[in-house]
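Single-letter residue listing:
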Amino acid sequence: EEEEDSAFWADIHEVLLGSLRLLKDTTRTVYFINCAVLLPAGVLNPVALRAMLRKLRFLDGALGVGQHGAAGLASEVLFYCSRAPAVDATSFDVAAAWAAARRECVAFAREELGSSSAASAQKLLPTAPPGGS
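Values in this document were obtained by computation on a predicted structure and should not be read as measured data.

Below, the discussion takes up the packing of helix α4 (residues 94-113) against helix α5 (residues 115-124). At their nearest, the axes of α4 and α5 sit 7 Å apart, and the two run at 155° to each other. It follows from the interaxial angle that α4 and α5 lie roughly antiparallel. Our pair here, α4 against α5, has a crossing hand that is right-handed. Touching Arg-102, Val-106, Ala-109, Arg-110 and Leu-113 of α4 are Ser-115, Ser-117, Ala-118, Ala-121 and Gln-122, all from α5. Of the residues assigned to the contact of α4 with α5, the class counts are 5 nonpolar, 3 polar and 2 charged.

Approximately 340 Å³ is the volume found for the largest pocket. As for the largest pocket, its lining consists of 16 residues, of which Leu-49, Met-52, Leu-53, Leu-56 and Phe-79 are closest to the centre. Along the lines of polarity and charge, the residues of the lining of the largest pocket split into 14 nonpolar, no polar and 2 charged. Lining the second largest pocket we find Leu-39, Leu-44, Phe-92, Val-94, Ala-97, Trp-98, Ala-101, Arg-102, Cys-105 and Leu-125. Residues that form the lining of the second largest pocket fall into these classes: 9 nonpolar, no polar and 1 charged.

Position of Leu-53 among the secondary structure elements: in helix α3 (residues 46-63). A sequence separation of 56 residues divides Leu-53 from Ala-109, and the C-alpha atoms of the two residues are 9.5 Å apart. Residues within four places of Leu-53 in sequence aside, it is in contact with Glu-104, Cys-105 and Phe-108.

Together, Glu-1, Glu-2, Glu-3, Glu-4 and Asp-5 give the surface a local cluster of negative charge. By the secondary structure assignment, Asp-5 is in helix α1 (residues 2-25).

To continue, consider α3. The end-to-end C-alpha distance of α3, which contains 18 residues, comes to 25 Å, matching closely the 26 Å that a straight helix rising 1.5 Å per residue would cover. When we look at burial in α3, the residues that qualify are Ala-48, Leu-49, Arg-50, Met-52, Leu-53, Leu-59, Ala-62 and Leu-63. Each element contacted by the buried residues of α3 is listed here: α1, β1 (28-34), α2 (35-38), β2 (76-82) and α4. Between the side-chain oxygen at the start of α3 and the backbone nitrogen of Val-47 there is a gap of 2.9 Å, and the oxygen is on Asn-45.

What counts, and where the lines are drawn
Residues numbered from 1 in each chain as written. Predicted model: local features only at pLDDT ≥ 70, side-chain atom pairs only at ≥ 80, totals over all residues. Heavy atoms only, no water. Axes fitted to C-alpha atoms, helices over the stretch in contact; angles between N-to-C directions. Helix = DSSP H or I, 4+ residues; strand = E, 2+ residues; numbered from the N terminus. Parallel < 35°, antiparallel > 145°, perpendicular 65-115°, else oblique. Left-handed = near helix turned anticlockwise from the far one by under 90°. Contact = heavy atoms within 4.5 Å. Nonpolar A, V, L, I, M, F, W, Y, C, P; charged D, E, K, R; others polar. 1 Å grid on protein atoms, 1.4 Å probe; cavity = no way out; pocket = protein on both sides within 12 Å on 5 of 7 lines; lining within 4 Å. Points joined across faces, edges and corners; volume = space filled by probe spheres on them. Patch = residues over 30% accessible without salt bridge, like charges linked within 9 Å, V, L, I, M, F, W, Y side chains within 5 Å. Areas by Shrake-Rupley, 256 points an atom, 1.4 Å probe, with all protein chains shown as cover. Salt bridge = Lys/Arg side-chain N within 4 Å of Asp/Glu carboxyl O. Lys, Arg positive; Asp, Glu negative; His and termini not counted. Charge placed at Lys NZ, Arg CZ, Asp CG, Glu CD. Expected span 1.5 Å × (residues − 1). Buried < 20%, exposed > 50% of the residue type's maximum accessible area, 1.4 Å probe, protein only. Polar contact = N/O pair within 3.5 Å; in protein donor to acceptor, adjacent residues only side chain to side chain.

Next comes the structure, spelled out in structure tokens:
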């Protein structure tokens, strides 16, 4: 059984390395945001946002910020919202969600990247949502 486990993990390791190579060589990646998880009942879920930020940070590193893919082009990430109809739009408060997301992003930057990055994030993130809502 130990030999089977070892072979299984060796296979998993190869698959993961292959996936990382594909990410490093790609010029366009699609990231789906699951709105039903991120905005249940029209309210931002900070735990889901934190998980998404960690995934995006990993993707940022895997794509090689500032580096170029095989074709010599910078990587592009396209974001799509999935399961948006599952979100109750009538109970969605744009200003409250924006404020909660901004707080969580700054806290994430502070915890994951350090105080100077948190200060930069705080300056770069507008206090009001786009469109003045």
